[in-house]
Amino acid sequence: MASPTPTIDTPTIDTPTIGTPDAGKGGVRRVRRQLPTSPWLFAAPGLLITGAFILYPFVSTLVNSLTDRRTLVPGEFVGLANFRELLHDDMFWIGLRNSSLYVLGVVPALVLLPLLLALLVQKNIPGITFFRSAFYTPVVASIVVVGLIWVWLLDERGLVNSLLETLGASPVGFLSDQWLILLSAMGVTVWKGLGYYMIIYLAALANVPRELHEAAAVDGAGAVRRFLTVTVPAVRSTMVLVAALSSVAAFKVFSEVYLMAGPNGGPAGEDTTLVMLVQRTGTGLTGRVGYASAISVVVFVVTVVLMLLVLRADRKEES
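About the thresholds
- Residues numbered from 1 in each chain as written.
- Predicted model: local features only at pLDDT ≥ 70, side-chain atom pairs only at ≥ 80, totals over all residues.
- Heavy atoms only, no water.
- Helix = DSSP H or I, 4+ residues; strand = E, 2+ residues; numbered from the N terminus.
- Contact = heavy atoms within 4.5 Å.
- Areas by Shrake-Rupley, 256 points an atom, 1.4 Å probe, with all protein chains shown as cover.
- Phe/Tyr/Trp six-rings, centres within 6.5 Å; stacked < 30°, edge-to-face > 60°.
- Buried < 20%, exposed > 50% of the residue type's maximum accessible area, 1.4 Å probe, protein only.
- Lys NZ or Arg CZ within 6 Å of the ring centre and 35° of its normal.
- Patch = residues over 30% accessible without salt bridge, like charges linked within 9 Å, V, L, I, M, F, W, Y side chains within 5 Å.
- Salt bridge = Lys/Arg side-chain N within 4 Å of Asp/Glu carboxyl O.
- Axes fitted to C-alpha atoms, helices over the stretch in contact; angles between N-to-C directions.
- Parallel < 35°, antiparallel > 145°, perpendicular 65-115°, else oblique.
- Left-handed = near helix turned anticlockwise from the far one by under 90°.
- Nonpolar A, V, L, I, M, F, W, Y, C, P; charged D, E, K, R; others polar.
- Polar contact = N/O pair within 3.5 Å; in protein donor to acceptor, adjacent residues only side chain to side chain.
- Expected span 1.5 Å × (residues − 1).
- Arc of directions from axis to C-beta.

1. A look at the overall build of the protein
Scanning the protein from terminus to terminus reveals 13 helices and zero strands. Ordered by position from N to C terminus, the α and β elements of the protein give α-α-α-α-α-α-α-α-α-α-α-α-α. Pairs at least 24 apart in sequence give 67% of the contacts found in the protein among residues at least 6 apart. Accessible surface for the protein amounts to roughly 20700 Å². Of this, 66% is attributable to carbon and sulfur atoms.

As structure tokens, this is what we get:
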């Protein structure tokens, strides 16, 4: 009689079920439905701030530009009358001229000089940290403090004219001549912005492969040729960014010219910029808020056009 075949019991392993706080009886997981408004609740603080301090003032300015509103008077709808008046306002054309000249004088300097400065401070040599901090110090300083320092330096009895008199030269009217006031303000803007754009260029230069410079050096390229053929093409997109940022900031200049030329905009108001004209026209108990809003709309349109021109020039260069 054949003996029964022995059976081997296979051990069973109980796999633990990973529980969740929402697991009910029998390990059935209950999925809590997310409300469709939850993302908006997280974005609400930022949207409220943007709406209160950006969107509402922007829409309010557009509406006011179509009215004859004053500081204490609501005003009535006048259509495009404020913009038609701008065409016959001499001060508006003076402000547009000065703001445009400011862009032409400041933007090329702020595109090129910070790049050269970044190339100098990029090298790791003893004491370079001190120079990086020194170059960046004007950025964190208040524009009012910086402007007053330069006013004291360029005054008729300031340090610069005192040195000129010591050397036998005649004093220079940095703060009394129409064009010298504008040039002095441009110098302050460039001096204060060098460190800021230098940091942007340093970040861009850190991504330039060292092998490109080494290959160009092997081919016999000098420092200037390596700068033009290797560095500039590598940071061209950053140069476009700097050009866009500096052009918008230069066209909206206010503090530097206001401190240098005074609240009246220099001799006979010849150094007035568009933003200074907005401040002068739209403030005070009798301020023409509607007319100042129309000037603000023009400033906005011109800055947008400047950015589009810079971007278009960049795309044309790429193609």
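2. Observations regarding the packing of aromatic side chains
Inspection of the entire model under this criterion finds six aromatic pairs. Ring centres 5.7 Å apart and planes at 70° place the aromatic pair Trp-150 and Trp-191 in the edge-to-face group. Residue Trp-150 is located in helix H5 (residues 143–154), and its partner Trp-191 is located in helix H7 (residues 178–205); the two are separated by 41 residues in the primary sequence. Using a relative accessible area of 37% as the deciding quantity, one classes Trp-191 as partly exposed. Judged by centre distance (5.1 Å) and plane angle (80°), the rings of Tyr-196 and Tyr-197 are edge-to-face. Using a relative accessible area of 7% as the deciding quantity, one classes Tyr-197 as buried. A cation sits over an aromatic face here: Arg-288 above Tyr-291, 4.5 Å from the ring centre.

3. Here's the deal with a nonpolar patch on the surface
Together, Phe-58, Val-59, Leu-62, Val-63, Phe-300, Val-301, Val-304, Val-305, Leu-308, Leu-309 and Leu-311 make up an exposed nonpolar region whose accessible area comes to about 910 Å². Listing elements by their share of the nonpolar patch, those giving two or more residues are helix H1 (38–64) and helix H13 (289–318). Ranked by the residues each element gives to the nonpolar patch, the list is headed by H13, at seven residues. Relative to the helices and strands, Val-59 is located in helix H1.

4. Points about the packing of helix H3 (residues 90–121) against helix H4 (residues 128–140)
Axis separation between H3 and H4 bottoms out at 10 Å; the angle between their running directions is 160°. In terms of orientation, H3 and H4 fall into the roughly antiparallel class. The two elements H3 and H4 meet at a crossing, and its hand is left-handed. Contacts from Leu-117, Leu-120 and Val-121 in H3 reach Ile-128, Arg-132 and Phe-135 in H4. Along the lines of polarity and charge, the residues of the contact of H3 with H4 split into five nonpolar, no polar and one charged.

5. Section: the side chain of Thr-281
With respect to the helices and strands, the residue Thr-281 is situated in helix H12 (residues 274–282). Judged by relative accessible area, Thr-281 falls into the buried class, the value being 16%. At 2.7 Å, the side chain of Thr-281 and the backbone oxygen of Leu-277 are in polar contact. Every residue in contact with Thr-281, bar those within four places of it in the chain, is listed here: Gly-287, Arg-288, Tyr-291 and Ala-292.

6. Considering the side chain of Ser-65
Here Ser-65 shows up in the loop between H1 and helix H2 (81–86). What makes Ser-65 buried here is its relative accessible area of 2%. Setting aside its immediate chain neighbours within four residues, Ser-65 contacts Gly-79, Asn-82, Phe-83, Gly-290, Ser-293, Ala-294 and Val-297.

7. A word on the environment of Ser-184
Mapped onto the fold, Ser-184 is located in helix H7. The sequence separation of Ser-184 and Ala-261 amounts to 77 residues, and the corresponding C-alpha distance is 9.8 Å. Leaving out residues up to four positions away in the same chain, Ser-184 has contacts with Leu-154, Phe-174 and Met-260. At a separation of 2.7 Å, a polar atom in the side chain of Ser-184 contacts the main-chain carbonyl oxygen of Leu-180.

8. Concerning the packing of H5 against helix H6 (residues 159–166)
Relative to each other, H5 and H6 sit at 20°, their axes nearing to 4 Å. In terms of axis orientation, H5 runs roughly parallel to H6. Together, Trp-152, Leu-153 and Leu-154 of H5 and Leu-159, Val-160 and Asn-161 of H6 make up the contact between the two elements. Residues of the contact of H5 with H6, tallied by class, amount to five nonpolar, one polar and no charged.

9. Quick word on helix H9 (residues 223–234)
The end-to-end C-alpha distance of H9 is 15 Å, a good match for the 16 Å that 12 residues give at a rise of 1.5 Å each. For H9, every residue scored as buried is listed here: Phe-227, Val-230 and Thr-231. The arc that holds every buried residue of H9, seen down its axis, measures 120°, which confines them to one face. Opposite the buried face of H9, by more than 90 degrees, sit the exposed residues Arg-225 and Leu-228.

10. Some details on the environment of Leu-259
Within the secondary structure, Leu-259 is located in helix H11 (residues 255–261). For Leu-259, a relative accessible area of 24% translates into the label partly exposed. If near-sequence neighbours (up to four positions away) are discounted, Leu-259 is found in contact with Ile-143, Val-144, Gly-147, Leu-148 and Val-151.

What is shown is where atoms sit, not what they do.
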